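This is what each chain is made of:
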Amino acid sequence: MENIQITSDGIKKNLKRIKPYNAICEYIWNGFDAGATQIEIIFEFNQIENVSSITIIDNGNGINYDELSLKFKPFNDSEKATDNNNSHHSIPHGKHGIGRFTFFTFASKAQWYTVYKDENAVNKAYSINMNCQSLNSYDVNNNNLPVVVQEETGTKVEFINVYDICPDALLKEIKNEFFWFICLYSYKNYRIYFNNEIIDFSDYIRERFNFKYESEQIKDFNITITLWNCSLGKEYSKFYFINSTGDEVYKFNTTLNNKSDGFWHSITIKSKYFNDFYFEVNSDDEINFSSNRNDKDFKELIQKITDELIRKRRSYLKKASEKYISSLIDENVYPNFEETNILDKYRRSQLDAIIESLYQAEPQIFSGLNNPQKKIFIRLLNTIMDSNDNEKEALFSLIREIIDLDEEDQKNFNEILQKTTLTNIISTIRLLEDRLAAVQALKEVVFNKKFNSYEVKHVQAIVERHFWLFGEQYHLLTAAEPDFNVALRELLAFKGKQNKTAKIDSKDANKEMDIYLIRQNRESQCFENIVVELKRPIVPLGEEQLSQVKRYMRVIKSDSRFNSPDSKWTFILVGNRFDSTGYIEGELENNKNHGESGLVYESGNHKIYVKTWSQIFEDFSVKNEYLLKKLKFKQEMWLEKHNSADEAVNDAVNNTAAV
């Protein structure tokens, strides 16, 4: 029995912060530190399906009996730690001399069986036993010497009377701990087996690409950049330098750590240049004749890779900034913009541009903010939209006081902001111009009697490409005369419940709607459905036409799949004029107490409106009045720009405002 120079309670007190899964990972690292390329984790279960024992087997060099006292007697010390540059090498990983004691966090006993090669290249084996009640002592083969064996070198450690270990949770911990190491050094054929199945780490790689770089003197820099899907845990984003035999000789951090941006990366660089390279930083009076970090070739290499990383990061942050804005909307901390107001759409695009630019310049600005802080900061940025230049400068000065942006970040942010502002102004003007052109074409189609326009061929052809006339951010589910069975299938697909054979039980199931739109309201999480019934310009609107829409509504009401609690339905009947019977006017009068223009029916989540094209066009003018006046756009009731309805339709469906 050999004793360790500390009590068992002292060991446990020193290691009380070690978690069971972390402890098991340390035993796996011990195998790689011992030169293993393959680690196996095997479980045994008791009668109630709980883990009773865990065995970890490696094919490393084993524990040399003559060095046993160096590995087991010292506490919080290890021969691995004698390498002052341990943080600059992936292997050996262990350095504190505590890994062998940590089994007490999840098991009562540990038994090692190890095979090593002695100084005469003879394979010998012996065993070691430790008990969690007496961590300050270990038993070696009942004091017998190692025996000669034919087995290959390696170590098997079995943990007995295991408690509180879940295999799935352990697997997740192992994957998070080792993915970077296994993936970066896949050429060494490192493997970890979990209950006889090899662990696949490939899903941690977001992107990987290789390129060669040649300096004036060196011709064989083989560089691999790996971008990860998650944090590397205790490992920073680093450069890994590999010599011509494939051994890692050094590693150090890149300059893109601690940016709070999720841009996790690793770079391996293989070259014979590193066979005899001095990585330590020299003092001013130290002379070194080896290649070192002061070499021009080395500095150019690091700069070349850093430039490529910055380029990749810029692309990554562009996508990340868009996702961040989406998360702000989901968290209800983003300002509310009226979707049907084109000025609000412009203001929204401006705020998006500012946040995207600021996020790309310095993601740390947004890290650690709670929702109230986000809301205050974003509304502060939003005030820039309506500020004059002096007020903008004052706001940005305040931001610079709050946020530690360096000179380059500030310059980039201001340049990007100015550029995106101009771009958004131009795109907004173009959108409004093309929307006006579509409205003018539709006016010709519905008002010019000489065109003899048809419902489907002309009116519907324009509306189904410009359905923003009835609401922004809608999704066109069906057009071109779909029946209700088709509408139901499209609705289910939109909600993620696709059923290609779905049918409704109604005698009117084959009735055909002109336009069916849907959107999901972010605030209320409600599905808003719009059914538009269009009439040929020469057909006046009366009881017959309204009765048709009411039949549509009854079909919708008859099937529960159309009427989930989170669904609202709006039916709109549109034509040039009302007939002479006064029927529509009477329905409007009966419902005027609701205070909604054009409303002729309301029951629960169902509404019916009757509108003329003149009202539709007037609504468009009112919603966009500010920009129409500001940009001095002119509108007329209808313009004779086309020679036929077909020509007007062709222009309208092919301009950039078409959805």
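Residues numbered from 1 in each chain as written. Predicted model: local features only at pLDDT ≥ 70, side-chain atom pairs only at ≥ 80, totals over all residues. Heavy atoms only, no water.

### Quick word on the overall build of the chain
- Secondary structure summary: the chain contains 16 helices and 23 strands in total.
- Counting all 659 residues of the chain, 49% fall into the buried class.
- Look at the contacts in the chain between residues 6 or more apart in sequence, and 70% of them connect residues 24 or more apart.
- Surface accessibility of the chain: about 33,800 Å² in total, with carbon and sulfur atoms responsible for 46%. (Helix = DSSP H or I, 4+ residues; strand = E, 2+ residues; numbered from the N terminus. Buried < 20%, exposed > 50% of the residue type's maximum accessible area, 1.4 Å probe, protein only. Contact = heavy atoms within 4.5 Å. Areas by Shrake-Rupley, 256 points an atom, 1.4 Å probe, with all protein chains shown as cover.)

### Details of the packing of helix α2 (residues 20-33) against helix α4 (residues 167-184)
- Close contact between α2 and α4 brings their axes to 10 Å; oriented N to C, the two are set at 40°. Taken together, the axes of α2 and α4 are oblique relative to one another. Handedness of the α2/α4 crossing: right-handed. Between α2 and α4, the residues in contact are Y21, N22, I24, C25, I28, W29 and F32 and A169, L170, E173, I174, E177, F178, W180, F181 and I182, respectively. (Axes fitted to C-alpha atoms, helices over the stretch in contact; angles between N-to-C directions. Parallel < 35°, antiparallel > 145°, perpendicular 65-115°, else oblique. Left-handed = near helix turned anticlockwise from the far one by under 90°.)

### With respect to helix α11 (residues 484-494)
- Among the residues of α11, F484, N485, A487, L488, L491 and L492 are the ones counted as buried. All buried residues of α11 lie within an arc of 160° about the axis, which places them on one face of the element. (Arc of directions from axis to C-beta.)

### Quick look at the nonpolar core
- Ranked by size, the top nonpolar core spans 55 residues in total, and within it F159 and I192 carry the most contacts.
- For this core, the leading source of residues is α4, giving 9 residues.
- In this structure, F159 is in contact with Y27, S52, S53, I54, I56, F103, F106, A107, K109 and A110, ignoring residues within four places of it in sequence.
- Core analysis: the second largest hydrophobic core is formed by 45 residues, F209, I223, F263 and I354 among them. (Core = buried A, V, L, I, M, F, W, Y, C linked by side-chain atoms within 4.5 Å.)

### As for the pairing of strand β12 (residues 221-228)
- When you tally the buried positions in β12, you get 7 out of 8 residues, the bulk of the element.
- Pairing analysis gives 8 bridges linking strand β11 (residues 205-213) to β12, with the strands arranged antiparallel. By the bridge assignment, I205 is partnered in β12 with W228. (Pairing = 2+ DSSP bridges.)

### Remarks on the packing of helix α12 (residues 543-557) against helix α13 (residues 583-590)
- Their axes nearest at 9 Å, the elements α12 and α13 cross at an angle of 55°. The orientation of α12 with respect to α13, classified from their angle, is oblique. Mapping the contact onto sequence places E543, L546 and K550 in α12 and Y583, I584 and E587 in α13.
- Broken down by class, the residue content of the contact of α12 with α13 amounts to 3 nonpolar, no polar and 3 charged. (Nonpolar A, V, L, I, M, F, W, Y, C, P; charged D, E, K, R; others polar.)

### Some remarks on the environment of Q303
- Within the element layout of this structure, Q303 appears in helix α5 (residues 296-330).
- At 2.8 Å, the side chain of Q303 and the side chain of D307 are in polar contact. (Polar contact = N/O pair within 3.5 Å; in protein donor to acceptor, adjacent residues only side chain to side chain.)

### Details of the packing of aromatic side chains
- Across all of its chains, the model carries 50 aromatic pairs by this definition.
- Between the aromatic rings of F252 and F298, the centroid separation amounts to 6.5 Å while the plane-to-plane angle is 65°, which identifies the pairing as edge-to-face. One end of the pair, F252, is in strand β14 (residues 248-253); the other, F298, is in helix α5, with 46 residues separating them in the sequence. This pair shows no difference in class: F252 is buried, exactly as F298 is.
- By way of ring pairs, the aromatic residues Y213, F221, F239, F241, Y250, F252, Y273, F274, F277, F279 and F298 are connected into one cluster.
- Positioned above the aromatic ring of Y609, the side-chain terminus of K611 is 5.8 Å from the ring centre. (Phe/Tyr/Trp six-rings, centres within 6.5 Å; stacked < 30°, edge-to-face > 60°. Lys NZ or Arg CZ within 6 Å of the ring centre and 35° of its normal.)

### Comments concerning unusual backbone geometry
- With an omega dihedral of 5°, the bond running from I91 to P92 counts as a cis peptide bond.
- Along the chain, P92 turns up in the loop between α3 (68-72) and β4 (109-117).
- For D164, which is not glycine, the phi dihedral falls at a positive 55°.
- Position of D164 among the secondary structure elements: in the loop between β8 (154-160) and α4.
- Note on D164: relative accessible area 69%, which makes it exposed.

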